Amino acid sequence: MNPHNASVFPGVDGIPEEFRLGKRLEQRSYLCDGEIRQWDGPFQDVLSPICTVTPSGPARTSIGSYPLLSGKQSGEALDAALRSQDGGRGAWPTMPVEKRIGCLSDFAARMMESRDEVVRRMMWEIGKSLSDSRKEFDRTVEYVRDTIEALKDLDRASSRFVMEQGVIGQIRRAPLGVVLCMGPFNYPLNETFTTLIPALVMGNSVIFKPPKLGVLLHEPLLAAFRDCFPRGVVNTVYGDGRTVVGPLMESGAIDVLAFIGTSRVADLLRRQHPKPHRLRCVLGLEAKNAGIVLSDADLDTAVRECVLGALSFNGQRCTALKMLFVHRGILESFMGRFVEAVGRLKAGMPWDEGVQITPLPEEGKVESMKSLIGDAVSKGASIAGPGGGDAVGTLMNPAVVYPVGPGMRLYTEEQFGPVVPVAAFDSIEEPLKWIAESDYGQQVSLFGRDPEVIASLVDPLVNQVCRVNINSQCQRGPDTFPFTGRKDSAEGTLSVTDALRVFTIRTLVAARETDDNRRILKSIVTGRSSRFISTDFIF
């Protein structure tokens, strides 16, 4: 990319017909209490990371707007969610699991009808490539379907009585109540749904606030939510967090906070709740995952995985490799190959074939990345390779920065962008000490070929992070694997199965093993008069 050539951004005629928005996306609606309501108040203008060429240079394109709701509307959403729960007596929390699964299956089918439109909006709103936008959508639908199968398995295991020490019991999982779901901009659909869907299907009522960058892509799904779930079970709020989220937390009526974002915001939200001991938090927060390239690493594998791990979606992933430690004995060979591979990454618009570096959606992101680079350079680091960190508008060339060490912001801060800090090490104790002292503990990647060495590193590292990747990049999937973190990186575990548990609590019905109680329980089961006390088996 030539940073002085604004032609990297298209004119209107340069956008393929199938990916043009056609008209501004003026969202005037929100979902509350089973109704898609119209809003006539203030709106937030949405600027795309995709720029257009102007006489003064590239400028972000205004593609639409969404409602800036007030505390009144968020209060109405909360009231609707509480009514749908009705103190545990509502139709949704007491609905048989098989029927709740039916609602979710209907939603998945309806969701597929909106695939092309959601993908198009995702490209324009957050600059994600066409390929990755399609993958995110398809992975989300697959997550919904996997959740259904996991719930069937969970319910089958619960469809029996347990008899212990003269007591008959049936143990099942019950919903917690009202869940506030807030997802991140980098995976605005998938990450939001990995909390929303399991919370929903387990019988909770949900209020969800889409991320500030990634609101419009949810609009095509509002009708499906309205039609597939009972009134008040799914509600949306939009706008400034202090205005619409603050009152929700301050009400004390939120039972679960499912939030993916920064620890600063998570702490603020938690403190607003007047009964913190009653609030369950499911949090996905920052990470500063390290890649450790050992002296015997296969360089082809290490370079390939480190490039993918550090710069997929411009490095805007919590699971990205955000600090590389390379053994000094292979540093020169690794850096030569790595910088060359980074230089080959294709920059362009989201719909360009094979594009890997796309415009950055956050306001001021290029400037913040340059600030991190500048701090490191002022303290002795250099940018490896030509053009690293050069930018035009919202499009920035990845920068490989070396050597990064103590005292530099890049050494400890999560960059969340296309900047790759590299440090050399002589003793493995150096990266191990860095990981132990880090505020974060999500994942690490090890690159090497000696089984004994790998084993000696795995044992201490699993006590510092929650996933050790061998000769592969850090990542979330498969979604059946647990996804969490230590320290300031997460609270609660998410995966298809774990999420069903985290949004519920084990509860049971128990009775002394007497003839009269056996008669009562048998009558309830055979008469199917209880949805909880049941031996029905879902096929």
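1. A short note on the sheet that holds strand E21 (residues 443–447)
- Ordered by their spatial adjacency, 7 strands build an open sheet running E15-E18-E19-E14-E13-E21-E22, and the pairing between neighbours is mixed. This sheet does not close on itself; its edge strands, each paired only once, are strand E15 (382–384) and strand E22 (467–470). Taking the axes of each pair of neighbouring strands and ignoring which way they run, one obtains an average angle of 25° across the sheet.
- Note that strand E14 (residues 321–327) and strand E19 (residues 419–425) share 4 bridges and pair parallel. The residue bridging Phe 325 from the neighbouring strand is Ala 423, located in E19.
- With respect to the sheet, helix H12 (residues 365–378) is in contact with E15, strand E18 (399–402) and E19, its orientation differing from that of E18 by roughly 25°.

2. Things to note about empty space enclosed by the protein
- Enumeration over the complete set of coordinates arrives at 2 cavities of 30 Å³ or more.
- Quantified by volume, the largest cavity comes out at close to 70 Å³.
- Considering the residues around the largest cavity, the lining is formed by Lys 288, Asn 289, Ala 290, Trp 434, Ile 435, Ser 438, Tyr 440, Gly 441, Gln 442, Gln 443, Val 444 and Val 465.
- Where the lining of the largest cavity is concerned, the elements lending two or more residues are strand E13 (289–293), helix H14 (429–437), strand E20 (440–441) and E21.
- Class assignment for the residues of the lining of the largest cavity results in 6 nonpolar, 5 polar and 1 charged.

3. What to know about helix H5 (residues 190–201)
- When the terminal C-alpha atoms of H5 are compared, their 16 Å separation across 12 residues agrees well with the 16 Å that a helix rising 1.5 Å per residue should span.
- By the criterion of burial, H5 is predominantly enclosed, with 12 of the 12 residues buried.
- The positive-phi residue at the C-terminal boundary of H5 is Gly 203, with phi of around 105°.

4. Focus on the layout of surface pockets
- Considered as a void within the structure, the second largest pocket measures approximately 910 Å³ in volume.
- Taken together, 37 residues make up the lining of the second largest pocket; nearest its centre are Asp 132, Lys 135, Tyr 187, Ser 312 and Phe 313.
- Looking at the lining of the second largest pocket, the elements with two or more residues in it are helix H4 (130–158), H5 and helix H10 (299–311).
- Looking at side-chain class alone, the lining of the second largest pocket contains 14 nonpolar, 12 polar and 11 charged residues.

5. Here we look at the nonpolar core
- In terms of nonpolar packing, the biggest core is built from 132 residues, with Phe 107, Ile 207, Phe 225, Phe 229 and Phe 334 touching the most fellow members.
- For this core, the leading source of residues is H4, giving 9 residues.
- Residues in contact with Ile 207, not counting those within four places in the same chain, are Ala 77, Leu 78, Ala 81, Val 178, Val 179, Leu 180, Cys 181, Asn 235, Val 237, Leu 248 and Ile 254.

About the criteria used
- Each chain has its residues counted from 1, following the order in which its sequence is written.
- Only residues with pLDDT of at least 70 are given local features in this predicted model, and only at 80 or more are side-chain atom pairs given and counted; all residues enter the totals for whole chains, interfaces and linings.
- In computing side-chain values, all of the structure's heavy atoms are included and hydrogens and water are not.
- Pairing between strands is defined by DSSP: at least two bridges between them are needed.
- A run of H or I in DSSP counts as a helix once it spans at least four residues, and a run of E counts as a strand once it spans at least two, with each numbered from the N terminus.
- As a rule, the C-alpha atoms of each element are fitted with a line to give its axis, helices using only the stretch in contact, and angles between N-to-C directions run from 0 to 180 degrees.
- In what follows, residue pairs with any heavy atoms lying within 4.5 Å of each other are defined as contacts.
- Cavities and pockets were defined on a 1 Å grid built over protein atoms only: a cavity is a set of grid points that admits a 1.4 Å probe from which the probe cannot escape, a pocket is an open set flanked by protein on both sides within 12 Å along at least five of seven lines, and lining residues are those with an atom within 4 Å of any such point.
- Grid points are joined across faces, edges and corners, and a volume is the space filled by probe spheres set on the points.
- Each residue gets one of three labels, nonpolar for Ala, Val, Leu, Ile, Met, Phe, Trp, Tyr, Cys and Pro, charged for Asp, Glu, Lys and Arg, and polar for the others, Gly among them.
- The span one expects for a helix is its residue count, reduced by one, times 1.5 Å.
- To sort residues, take the accessible area from a 1.4 Å probe on protein chains only and compare it with the maximum for the residue type: under 20% means buried, over 50% means exposed, and anything in between is partly exposed.
- For the purposes of this section, nonpolar cores are sets of buried Ala, Val, Leu, Ile, Met, Phe, Trp, Tyr and Cys residues that join through side-chain atoms within 4.5 Å.

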